[in-house]
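Report on the structure
The primary structure of each chain is shown beneath.
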Amino acid sequence: MAAKQYIWLNGKFTDFGNAKVHILTHSLQYGSGIFEGIRAYQSGSRAAVFRLGDHVKRFINTAKIYSMDLGYSEKELTDAIIGLIRKNRLQQCYIRPFAYYDDTRIGLSTEGKKISVAIAAIPFGNYFQNKGKGISCKISSWKRINSEILPPHAKASGNYRNSILASQEAKASGADEAIMLTTNGYVAEGPGENIFFARDGKLMTPPASSDILMGITRDTIIKIAEEKGFIVEEREMHREELYIADELFFTGTAAELTPIVKVDGKKIGSGKTGPVTKLLSDALTELVTGKDTAFHDWVTLV
Ligand SMILES: Cc1ncc(COP(=O)(O)O)c(C=O)c1O
């Protein structure tokens with residue numbers, strides 16, 4: 001029988017079905033929540049949480065950007081996540097820490113409003129149905145938010161209205177996902193993924209200044225690729241560089257490493273998952289499941 005499932009809510013394990021908010025909740029009305037997305041992979045009979053410390057740090061940094069006092073230390077949040085995976089008896093899952101203004105008074109002000117912290121851990125498979133054969137993308141007419149408007153380095157709920165508009169547009173035109181440009185016309189990222197391209201044996205990915213979320217998978221891929229002897233350049237790039245790439249792929253906790261085989265109807269490289277993509281994807285799988293111990297401190301076994 002499957003174990004009863006819980007949500008960690010303000011320090012207590014609450015029945016999954018009872019973790020509810022009021023319709024007037026500030027963060028539901030105004031998109032003022034912040035969150036994280038973390039994965040745990042099955043490693044033998046245990047769950048291997050990938051880069052837990054880095055995800056918790058990013059959650060705390062997002063809170064800092066938005067002046068939210070979470071009321072929990074890094075260690076307390078880390079212990080809560082580990083405790084929840086144990087309590088829900090999960091061997092693989094997606095973990096969603098979420099902090100929100102738990103207040104039903106109308107008005108944008110956040111002053112004096114209670115902040116609640118919740119953590120969910122649920123079984124999770126592929127983010128993209130077509131991950132295996134590679135996905136198609138469309139360059140979005142919606143530009144990526146920039147830090148003069150909303151901080152792109154923060155993982156905040158409101159940012160994802162921008163992402164959702166881009167995804168909806170891409171899907172309406174028959175593509176699987178969007179690629180967003182900065183307001184200056186450089187490639188930024190996907191709605192919930194960072195992007196890389198390979199050409200002539202080198203890997204390129206947009207830099208922090210291209211209004212990206214500083215992805216933890218992006219950082220992982222940079223480190224794996226460099227260890228394997230690739231030159232990785234973080235630099236601004238024009239959209240047409242994507243069209244003439246040998247290989248193109250997204251990275252993300254949800255997306256993992258997803259090949260992109262078409263952009264704006266143009267076939268990328270051979271139109272199939274390329275050898276660099278495959279090499280890095282396989283290496284990522286080895287790492288997250290704890291089989292490759294090269295970066296062993298990235299894996300927390302529960
Ligand atoms: C906008 C955006 N970019 C990139 C990423 C990839 O980041 P990570 O690899 O840390 O999951 C995500 C997912 O969290 C995202 O939401």
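All values derive from a computational prediction rather than experimental measurement. (Residues numbered from 1 in each chain as written. Predicted model: local features only at pLDDT ≥ 70, side-chain atom pairs only at ≥ 80, totals over all residues.)

Quick word on the overall build of the protein
Stated precisely, the cut-off is as follows: Helix and strand definitions follow DSSP, with helices as H or I runs of at least four residues and strands as E runs of at least two, each counted in order from the N terminus. Here the globule rule reads 2.2 Å times residues to the power 0.38, and the radius of gyration is calculated from C-alpha atoms. As a rule, residues whose C-beta atom has 12 or fewer other C-beta atoms within 10 Å are exposed, those with 20 or more are buried, and those in between are partly exposed; C-beta atoms are placed from the backbone. Residue pairs are scored as contacts if the distance between their C-beta atoms, which are placed from the backbone, is within 7 Å.
Check the secondary structure of the protein and you find seven helices and 17 strands. Compactness check: the protein gives a C-alpha radius of gyration of 19 Å against a globular reference of 19 Å for 302 residues, within 12% of the reference. Counting only residues that meet the buried cut, the protein has 43% of its 302 residues in that class. Taking contacts inside the protein between residues at least 6 apart in sequence as the whole, the part at least 24 apart equals 68%.

A closer look at the site of the ligand
Selection rule: Whether a residue is near a molecule or strand depends on its C-beta atom, placed from the backbone, lying within 6 Å of it. Gly counts as polar in this scheme, as do all residues outside two lists: the nonpolar Ala, Val, Leu, Ile, Met, Phe, Trp, Tyr, Cys and Pro, and the charged Asp, Glu, Lys and Arg.
Near the ligand, the surroundings consist of 14 residues, among which G215, I216, T217, G252 and T253 are the closest. Listed by contribution, the elements that provide at least two residues to the shell around the ligand are α5 (216-227) and β14 (247-252). Per-element tally for the shell around the ligand: the top contributor is α5, with three residues. When the residues that make up the shell around the ligand are grouped by side-chain class, the tally is two nonpolar, nine polar and three charged.

Topic: helix α2 (residues 52-65)
Test applied: Multiply 1.5 Å by the residue count of a helix minus one, and that product is the helix's expected span. Along the arc lie the directions from the helix axis toward the C-beta atoms.
Here α2 spans 20 Å end to end across 14 residues, near enough to the 20 Å set by a 1.5 Å rise per residue. Listed in full, the buried residues belonging to α2 are L52, H55, V56, R58, F59, T62 and A63. Here the buried residues of α2 occupy an arc of 155° about the axis, which is enough to place them on one side. Downstream of α2 by one or two residues, S67 has phi in the positive range, about 55°.

Looking at the packing of α2 against helix α3 (residues 74-87)
Formally: With axes taken as lines fitted to C-alpha atoms, and helix axes fitted only over the stretch in contact, angles between N-to-C directions fall between 0 and 180 degrees. When describing relative orientation, an angle under 35 degrees is termed roughly parallel and one over 145 degrees roughly antiparallel, while 65 to 115 degrees is termed roughly perpendicular and anything else oblique. It is the rotation of the near helix from the far one that decides the hand of a crossing: anticlockwise by less than a right angle makes it left-handed, clockwise makes it right-handed.
Two elements in contact, α2 and α3, have axes separated by 10 Å at closest approach and are oriented at 125°. With respect to each other, α2 and α3 are oriented oblique. The way α2 lies across α3 gives a crossing that is right-handed. From α2, L52, G53, V56, K57, F59 and I60 reach across to α3, where they touch E74, L77, T78 and I81. Class assignment for the residues of the contact of α2 with α3 results in six nonpolar, two polar and two charged.

Quick notes on α3
Here α3 spans 20 Å end to end across 14 residues, near enough to the 20 Å set by a 1.5 Å rise per residue. Residues of α3 that are buried: L77, A80, I81, L84 and I85. The buried residues of α3 all sit within an arc of 130° when viewed along its axis, so they share a single face. Residues of α3 that are exposed and point more than 90 degrees away from the buried face comprise K75 and R86. Check the buried side of α3 and you find it contacts β1 (6-9), β4 (38-43), β5 (46-50), α2, β6 (93-101) and β7 (115-122).

Remarks on the domain arrangement of the protein
Formally: Throughout the structure description, domain borders are defined by an automatic or database domain assignment.
Domain assignment breaks the protein into domain 1 (6-122) and domain 2 (135-288). Across the contact, 20 residues belong to domain 1 and eleven residues belong to domain 2. Breaking the side of domain 1 that touches domain 2 down by element, the ones donating at least two residues are β3 (34-35), β4, β5 and α2. Among the elements that line the side of domain 1 that touches domain 2, the one with the most residues is α2, at five residues. Considered class by class, the residues forming the side of domain 1 that touches domain 2 number eight nonpolar, seven polar and five charged.

Notes on the pairing of β5
Counted only if it meets this: Two strands are counted as paired when DSSP detects at least two bridges linking them.
Of all five residues in β5, four are buried; the element is thus mostly enclosed. Remark: two residues form the turn of the hairpin made by β4 and β5, two consecutive strands paired antiparallel; G44 in that turn has positive phi of roughly 65°. Strand direction decides the pairing type here: β5 and strand β17 (residues 299-301), joined by three bridges, are antiparallel. Its bridge partner being in β17, F50 is matched across the sheet by V299.

A short note on the nonpolar core
Formally: Note on terminology: a nonpolar core is a set of buried residues of type Ala, Val, Leu, Ile, Met, Phe, Trp, Tyr or Cys, with members joined through C-beta atoms within 7 Å.
By size, the foremost hydrophobic cluster in this structure holds 77 residues, and its most contacted members are A40, I119 and I260. Sorting elements by how many residues they give to this core places β7 first, with six residues. Counting only domains with at least three residues in this core, you end up with domain 1 (6-122) and domain 2 (135-288). Dropping the residues within four chain positions of it, I119 is found in contact with I7, W8, A80, I81, L84, I95, R96 and P97.

Looking at the pairing of strand β2 (residues 12-15)
Looking at chain direction, β1 and β2 are connected through four bridges and run antiparallel. Paired with W8 across the strands is F13, a residue of β2.

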